[in-house]
Amino acid sequence: MSNKQRFAVILLSLLALVPPYAIPPLSATQAAQEEGAEGERIHQEAVNRELEAFRAAQLSLRQAMGIAEKRHAGSRTADISFDGASGSPVYRVKTVQDNRLWEHAIDAKTGDTIGAETVSHLKDLNPDDRNNVMALRTVRQELSDAVIIAEQVASGRAIGGSLMDDNGKLNFVIVVVSGGSDLKQVVLEPPQAKGRGSNARHGSR
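**Q** Help me out: how do you make sense of the packing of aromatic side chains in this one?
**A** Each aromatic ring pair is summarised here by two numbers: the centre-to-centre distance and the angle between the ring planes. Scanning the entire structure with this criterion turns up 2 aromatic pairs. With centroids separated by 5.2 Å and ring planes inclined at 75°, the aromatic side chains of F54 and F82 adopt a geometry described as edge-to-face. In this pair, F54 is assigned in helix α2 (residues 28–55) and F82 in strand β1 (residues 76–83), connecting sequence segments 28 residues apart. Across the pair, exposure class does not vary: F54 and F82 are buried alike. Residues F82 and Y91 carry aromatic rings whose centres are separated by 5.5 Å and whose planes lie at 70° to one another, so their mutual orientation is edge-to-face. For F82, a relative accessible area of 7% puts it in the buried group. An aromatic cluster is defined as three or more aromatic residues linked by ring pairs; in this entry it consists of F54, F82 and Y91. Seen from the ring of F54, R157 lies directly overhead, with NZ or CZ sitting 4.4 Å from the centre.

**Q** Looking at this structure, how should I read helix α5 (residues 143–154)?
**A** One turn of the α-helix equals 3.6 residues, which is why residues spaced by three or four share an orientation. Across its 12 residues, α5 extends 16 Å between first and last C-alpha, which sits within 8% of the 16 Å expected from 1.5 Å per residue. For α5, the full list of buried residues reads L143, A146, V147, A150, E151 and A154. Angularly, the buried residues of α5 cover 135° about the axis, an arc narrow enough to put them on a single face. Note on α5: the residue one or two positions beyond its end, S155, has a positive phi of about 55°.

What counts as what
- Residues numbered from 1 in each chain as written.
- Predicted model: local features only at pLDDT ≥ 70, side-chain atom pairs only at ≥ 80, totals over all residues.
- Heavy atoms only, no water.
- Phe/Tyr/Trp six-rings, centres within 6.5 Å; stacked < 30°, edge-to-face > 60°.
- Helix = DSSP H or I, 4+ residues; strand = E, 2+ residues; numbered from the N terminus.
- Buried < 20%, exposed > 50% of the residue type's maximum accessible area, 1.4 Å probe, protein only.
- Lys NZ or Arg CZ within 6 Å of the ring centre and 35° of its normal.
- Expected span 1.5 Å × (residues − 1).
- Arc of directions from axis to C-beta.

Set out below in structure tokens:
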């Protein structure tokens, strides 16, 4: 066998060891990063659709609260959120009175109640919801009052809010759409919690 033939055999042997692809596979870290980026993109698209539906809503958060509260005289709103993912955008409102909690869906364009309301007894709620409902009894302020202040502080329109009991510390937590697309969370402490006026702080989300 000539030297040229031996060189050809060695070259073919080396080529046989090369994997049958031209692009190296992604490392586990690279794959995780790309998966995370894709998940973030999908999440942002969902947020953008939600905000677009909210901007088109004719009804404000406080108007939806008023409609829900009128269905049961003396009831108070404990939690409200905007839902633009359903066929017709709605505000989902939870109102409470005594030991009962009602859940309503209020059409964000017409103000009509969609579907049948659901009612739960305080003892049937999960611990977090039960604590939040019971906390509402200890404050004079209404969630609507907190919404007014939050909208002024964050210069925008409220898209959701609730009274939360965090290990005995009560706060109204309001999410405001500011500047058309920025989400800001405003936390307001009811006066009863420390015996003085509400303090507000907020940050972009």
